[in-house]
Amino acid sequence: GPSGPTQSATPLEVQRLSDGGSEALPHIERIAAGGGTTCVVRTTDALVSCWGANEFGQAGQPAGARVDYATPVEW
């Protein structure tokens, strides 16, 4: 997206929203990816964070623009 990191076919560290995308998301235990959206579960707090396509709310945020940084999903 225009405000987020450049898209890349090369693996990159996942940046988290809480600090404006300037720090990597640590302690990832599980990953689920598909259809342009990725979600992870962290070992330290069991939070689910998602990013990517979000046209229908599939990244856990209100439907609309893509989510550029790993953003916690409220349950």
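Higher on the page you've got the structure.
Reference entry: report on the structure contained in this document. The residue count restarts for each chain, going from 1 along the sequence in the order it is written. Predicted model: local features are reported for residues with pLDDT of at least 70 only, side-chain atom pairs are reported and counted for 80 or more only, and whole-chain, interface and lining totals are derived from all residues. Where side-chain values are given, they derive from all heavy atoms of the structure, hydrogens and water being excluded.

## As for the pattern of salt bridges
Opposite charge on two side chains allows them to pair when their charged atoms are near. Salt bridges are defined as contacts in which a side-chain nitrogen from Lys or Arg sits within 4 Å of a carboxyl oxygen from Asp or Glu. Considering all chains together, one arrives at two salt bridges under this definition. A salt bridge links E29 to R30, with the nearest nitrogen and oxygen atoms 3.8 Å apart. Classification of R30 as exposed rests on a relative accessible area of 55%. The partner of D68 in a salt bridge is R66, and the shortest N-O contact between them spans 3.5 Å. Residue classification places D68 among the buried positions, given a relative accessible area of 16%. Categorising residues by exposure relies on relative accessible area from a 1.4 Å probe, with only protein chains included: less than 20% of the type maximum marks a residue as buried, more than 50% marks it as exposed, and the intermediate range marks it as partly exposed.

## Section: the nonpolar core
Counting 10 residues, the largest nonpolar core consists of L25, C39, V40, V48, C50, W51, A59, V67, A70 and V73. Per the convention used, a helix needs a DSSP run of H or I reaching at least four residues, while a strand needs a run of E reaching at least two, with both numbered from the N terminus. When contributions to this core are tallied by element, the ones reaching two or more residues are β2 (37-42), β3 (48-52) and β4 (67-72). Among the elements that make up this core, the one with the highest residue count is β3 (three residues). Filtering out sequence-adjacent residues up to four positions away, C39 remains in contact with R30, I31, A32, V48, S49 and C50. Think of a nonpolar core as a cluster: buried Ala, Val, Leu, Ile, Met, Phe, Trp, Tyr and Cys residues, connected wherever their side-chain atoms sit within 4.5 Å. Contacts are assigned to residue pairs that have any heavy atoms within 4.5 Å of one another.

## A few points about the side chain of N54
In this fold, N54 is placed in the loop between β3 and β4. Owing to a relative accessible area of 0%, N54 belongs among the buried residues under this scheme. Side-chain polar atoms of N54 contact the backbone nitrogen of A59, separated by 2.9 Å. Residues contacting N54, with those up to four places away along its chain left out, are A59, G60, Q61, P62, A63, G64, A65, R66 and V67. For this analysis, a polar contact is any N or O atom pair within 3.5 Å, provided that within protein one partner can donate a hydrogen and the other can accept it, and provided that sequence-adjacent residues contribute only side-chain to side-chain pairs.

Take it as geometry only, folks, not as evidence of what the structure does.
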